[in-house]
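Here's the letter readout for the chains.
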Amino acid sequence: MFTIEHTFDATVITLVDEGARVLQEDVGIHAFEDQVTIEQVDALTNEVMRITLSLTQVRDLAAALNLPEGSYRRAAKT
């Protein structure tokens, strides 16, 4: 599942881990005009881990960035 929110200076996508296996912490993706940051809390240290990507590096996120605000769940493969 993921959510998309448009703020004043960024688009914020939150990826929520769902499933029967061991779940990971939520991932926050902040898309700014010139860069994208990805954040996740490290469950062992309780510190926020962050990486910054150029816009060229986030082409694979284009589908999510172009969707309207809302919550989405990908259909399960059958």
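Visitor: Quick one: what's the story with the overall build of the protein, residue by residue and with numbers?
Guide: Looking only at helices and strands, the protein features one helix and six strands. Looking at the protein residue by residue over its 78 residues, the buried ones come to 19%. Counting only contacts in the protein whose residues sit at least 6 apart along the sequence, the fraction spanning at least 24 positions is 22%. Total accessible area computed for the protein in this model is approximately 6,300 Å², and 52% of it derives from carbon and sulfur atoms.

Visitor: Account for the environment of A10, naming residues and giving values.
Guide: Relative to the helices and strands, A10 resides in the loop between β1 (2–6) and β2 (11–15). Residues A10 and V36, spaced 26 residues apart in sequence, show a C-alpha to C-alpha distance of 9.1 Å. The residues contacting A10, other than those within four sequence positions of it, are E5, A31 and F32.

Visitor: A description of the pairing of β2 should follow, citing residues and the corresponding values.
Guide: Of the strand pairs in this sheet, β1 and β2 are connected by five bridges, and their pairing is antiparallel. Note that in β2 the partner of E5 across the bridge is V12. From the end of β1 to the start of β2, which pair antiparallel, there are four residues.

Visitor: Break down the side chain of T11 for me, citing the residues and quoting the values.
Guide: Its location among the elements puts T11 in strand β2. Under the relative-accessibility criterion, T11 is labelled buried at 16%. Looking at T11, its side chain comes within polar contact range of the side chain of H6, at 3.2 Å.

Visitor: Tell me about the nonpolar core, and please be specific about residues and values.
Guide: Core analysis: the largest hydrophobic core is formed by seven residues, namely F2, I4, I13, V27, I29, A31 and V36. The set of elements that each furnish at least two residues to this core consists of β1 and β3 (27–31). Tallying contributions element by element places β3 first for this core, with three residues.

Visitor: Can you lay out the sheet that holds strand β4 (residues 36–41) for me, pointing to particular residues and giving the numbers?
Guide: Within a sheet, neighbouring strands are paired by backbone hydrogen bonds and run either parallel or antiparallel to one another. Strand order in this open sheet of six strands is β5-β4-β3-β2-β1-β6, and the pairing throughout is antiparallel. Of all the strands in the sheet, just β5 (48–53) and β6 (70–72) have a single pairing partner and so form its edges. On average, each strand axis in the sheet is tilted by 20° relative to the strand beside it, whichever way the strands run. Pairing between β2 and β3: five bridges, direction antiparallel. Opposite T11, over in β3, you have A31 as the bridge partner.

Analysis parameters
Residues numbered from 1 in each chain as written. Predicted model: local features only at pLDDT ≥ 70, side-chain atom pairs only at ≥ 80, totals over all residues. Heavy atoms only, no water. Helix = DSSP H or I, 4+ residues; strand = E, 2+ residues; numbered from the N terminus. Buried < 20%, exposed > 50% of the residue type's maximum accessible area, 1.4 Å probe, protein only. Contact = heavy atoms within 4.5 Å. Areas by Shrake-Rupley, 256 points an atom, 1.4 Å probe, with all protein chains shown as cover. Pairing = 2+ DSSP bridges. Polar contact = N/O pair within 3.5 Å; in protein donor to acceptor, adjacent residues only side chain to side chain. Core = buried A, V, L, I, M, F, W, Y, C linked by side-chain atoms within 4.5 Å. Axes fitted to C-alpha atoms, helices over the stretch in contact; angles between N-to-C directions.

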